[in-house]
Every structure is written in C-alpha cells, then in structure tokens.
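Each chain, letter by letter, is given below.
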Amino acid sequence: DGGITQSPKYLFRKEGQNVTLSCEQNLNHDAMYWYRQDPGQGLRLIYYSQIVNDFQKGDIAEGYSVSREKKESFPLTVTSAQKNPTAFYLCASSRIDRAEEKLFFGSGTQLSVL
Amino acid sequence: KNQVEQSPQSLIILEGKNCTLQCNYTVSPFSNLRWYKQDTGRGPVSLTIMTFSENTKSNGRYTATLDADTKQSSLHITASQLSDSASYICVVRSAADSWGKLQFGAGTQVVVTP
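Not measured: the values here are computed from a predicted model.

## Considering the pattern of salt bridges
Residue and element names in this part refer to chain A. Taken as a whole, this structure holds seven salt bridges over all chains when the rule is applied. A salt bridge links Asp38 to Arg44; the nearest nitrogen and oxygen atoms lie 2.8 Å apart. By relative accessible area, Asp38 is classed as buried at 10%. Each of the salt bridges in this network shares a partner with another, and the network as a whole consists of Arg36, Asp38 and Arg44.

Structure representation (structure tokens):
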C-alpha cells in the first residue's frame with residue numbers, strides 16, 4: 001500500500017522531556033511537511049522540506065526540530081522548549097513539480113502532556 | 001488574522017439531504033483553492049483542487065465552486081450519507097508565498113443524522 005505512516009498514534013510527554021514523532025512515506029514524494037492542529041483552528045505549518053538534508057521553518061517552528069536524512073523519512077522532535085505541545089500532529093507529503101500538487105496526509109499523532 | 005474563513009462552523013443535516021459549505025478568502029495573489037475532508041482522528045483527504053480558471057469541479061457527490069473575483073468558494077454535498085460526517089477544510093495557496101505554504105481554514109464540522 002502506498003501512503004504515509006505516522007507513529008505512534010498516541011504519545012504522552014512528561015515535563016522537560018523531548019519526544020519524537022515518526023513519519024515515513026513510500027510515495028516517492030520530494031516534499032514533506034509537519035502541521036499542528038488545535039481545536040477550532042486551521043492547520044499551522046511547523047517545518048517543511050523539499051529535498052534531503054534541507055528543511056525550512058514554517059509559521060510555528062519554535063520548540064520543534066526536524067531532520068531529513070532520507071527521502072522517505074521526516075521525523076519531528078517536540079522539545080522541552082515547546083511549552084504547550086498538546087495537539088494533533090499531521091505529517092504530509094507531495095510532489096513539487098506543479099503548484100496544484102495534492103498534499104497526502106498521514107493519520108496523525110495525538111500528543112498530550114502528563 | 002486568518003486569511004481563510006469558513007462558514008458555518010458546524011451543521012447538522014438529515015441523511016439524503018443536500019448542504020452547502022462556504023469559504024471566503026483574502027489570500028492574494030491567488031494560485032489555487034483546495035477542499036479536504038477530515039474524518040475524526042484521521043488526516044485530511046483531498047476532494048478537489050481548483051485554479052483561477054476553473055469555476056466548478058466535482059468529485060462524486062461533492063461539487064466545489066470558485067468565484068475568484070469575489071474570493072469565495074463553496075462545497076456542495078448532494079444526497080448526504082452518514083459517511084459524509086466529517087470536518088471539511090478549505091485551503092488556499094497564494095502565488096506569492098514560498099513554495100511550501102498554504103493557508104488553512106478552521107473547517108466546517110458536518111454531522112449527518114439518520
């Protein structure tokens with residue numbers, strides 16, 4: 001099956017702890033993205049990457065970090081500097097050869113603070 | 001201020017009935033507009049993508065319209081089914097934004113009742 005796999009589905013973070021959310025795609029897409037979704041708000045871009053070993057900050061990058069060592073993988077680390085991490089996190093991927101390229105989303109990770 | 005506003009925030013409809021969701025945007029210059037369907041606890045799935053030159057696009061029982069002059073779009077659901085219960089998200093891309101950025105509305109929550 002082609003698609004995007006996010007894990008875990010649910011994650012709990014203790015105060016002062018860093019946690020890493022996994023995102024893997026087998027669609028051969030160049031671009032990958034991380035979004036944060038809070039109730040009643042639109043998705044907000046955290047980081048995105050168009051190519052291996054390169055990524056750009058989105059609108060709310062503070063307290064988060066990413067890496068793109070392989071085309072298929074784009075893990076997101078929520079650091080202890082992110083004071084309000086409770087949210088639904090969505091990973092997405094797309095081709096980049098046209099402005100109308102569809103985003104394909106994973107099924108999300110719900111992060112909560114203990 | 002959010003550049004993509006959706007209305008209503010939520011609605012309840014009877015199975016078999018039609019409904020129309022609205023999206024107003026201020027994003028400029030315009031590149032394309034997308035509608036996504038998001039089931040609870042899942043990632044969004046693309047329904048339609050429209051560029052400036054397209055004013056109607058259908059995907060099964062979903063029909064999207066676009067008026068780029070008034071910066072309005074609508075999503076019409078025909079003969080609703082219980083499986084249409086979801087959040088519907090309007091997303092707009094500006095031709096001026098850096099490549100990875102999209103503007104997301106907060107979504108309209110649709111509940112279809114038997």
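Now that the structure has been shown, the text picks up again.
## Regarding the nonpolar core
Note on soluble globular proteins: their nonpolar side chains tend to be buried together. Ranked by internal contacts, the top residues of the largest apolar core, which has 25 residues, are B:Leu21, B:Tyr25, B:Leu33, B:Trp35, B:Leu75, B:Tyr88 and B:Val92. When residues of this core are traced back to their parent elements, those giving at least two are strand 2 (10–14), strand 3 (19–25), strand 4 (30–38), strand 5 (45–51), strand 7 (62–67), strand 8 (72–77), strand 9 (86–94) and strand 11 (108–113) of chain B. Residue contacts for B:Tyr88: discarding those within four places in its chain leaves B:Gln6, B:Leu21, B:Trp35, B:Tyr36, B:Lys37, B:Leu47, B:Tyr62, B:Leu75, B:Ile77, B:Gly107, B:Thr108 and B:Val110. One finds A:Val19, A:Tyr47, A:Leu76 and A:Tyr89 within the second-largest nonpolar core, a separate group that totals 20 residues.

## Quick word on the interface of chain B and chain A
Between chain B and chain A, the contact holds 22 residues from the first and 26 residues from the second. Residue A:Asp59 pairs with B:Lys101 through a salt bridge whose shortest N-O separation is 3.5 Å. The interface formed by chain B and chain A holds six residue pairs in polar contact (both at pLDDT 80 or more) in total. Counting residues per element, the ones that place at least two in the side of chain B that touches chain A are strand 4, strand 5 and strand 9 of chain B.

## Concerning the state of the cysteines
In the structure shown here, the tally under the stated rule is two disulfides over all chains. No disulfide involves B:Cys19; its sulfur sits 15 Å from the nearest other cysteine sulfur, which is in B:Cys90.

About the cut-offs
- Every chain is numbered independently, its residues counted from 1 as its sequence is written.
- Chains and ligands are labelled by the order in which they are written, letters from A for the one and numbers from 1 for the other.
- Where local features are concerned, this predicted model is filtered to residues with pLDDT of at least 70; where side-chain atom pairs are given and counted, the filter is 80 or more; whole-chain, interface and lining totals use all residues.
- Excluded from the side-chain calculations are hydrogens and water; all other atoms, namely the structure's heavy atoms, are used.
- Whenever Lys or Arg places a side-chain nitrogen within 4 Å of a carboxyl oxygen from Asp or Glu, that contact is recorded as a salt bridge.
- Here's how the labels work: a residue is buried when its accessible area is under 20% of the maximum for its type, exposed when over 50%, partly exposed in between, all with a 1.4 Å probe on protein chains only.
- Remark: nonpolar core denotes a set of buried residues (Ala, Val, Leu, Ile, Met, Phe, Trp, Tyr, Cys) joined through side-chain atoms within 4.5 Å.
- To qualify as a helix, a DSSP run of H or I must reach at least 4 residues; to qualify as a strand, a run of E must reach at least 2; elements of each kind are numbered from the N terminus.
- Throughout, a residue-residue contact means that at least one pair of heavy atoms, one from each residue, lies within 4.5 Å.
- Any pair of N or O atoms that falls within 3.5 Å is considered a polar contact. Within protein, one atom must be able to donate a hydrogen and the other to accept it, and sequence-neighbouring residues count only if both atoms are side-chain atoms.
- We call a pair of cysteine sulfur atoms a disulfide when they lie within 2.5 Å.

Taken by themselves, the reported measurements are silent on function.
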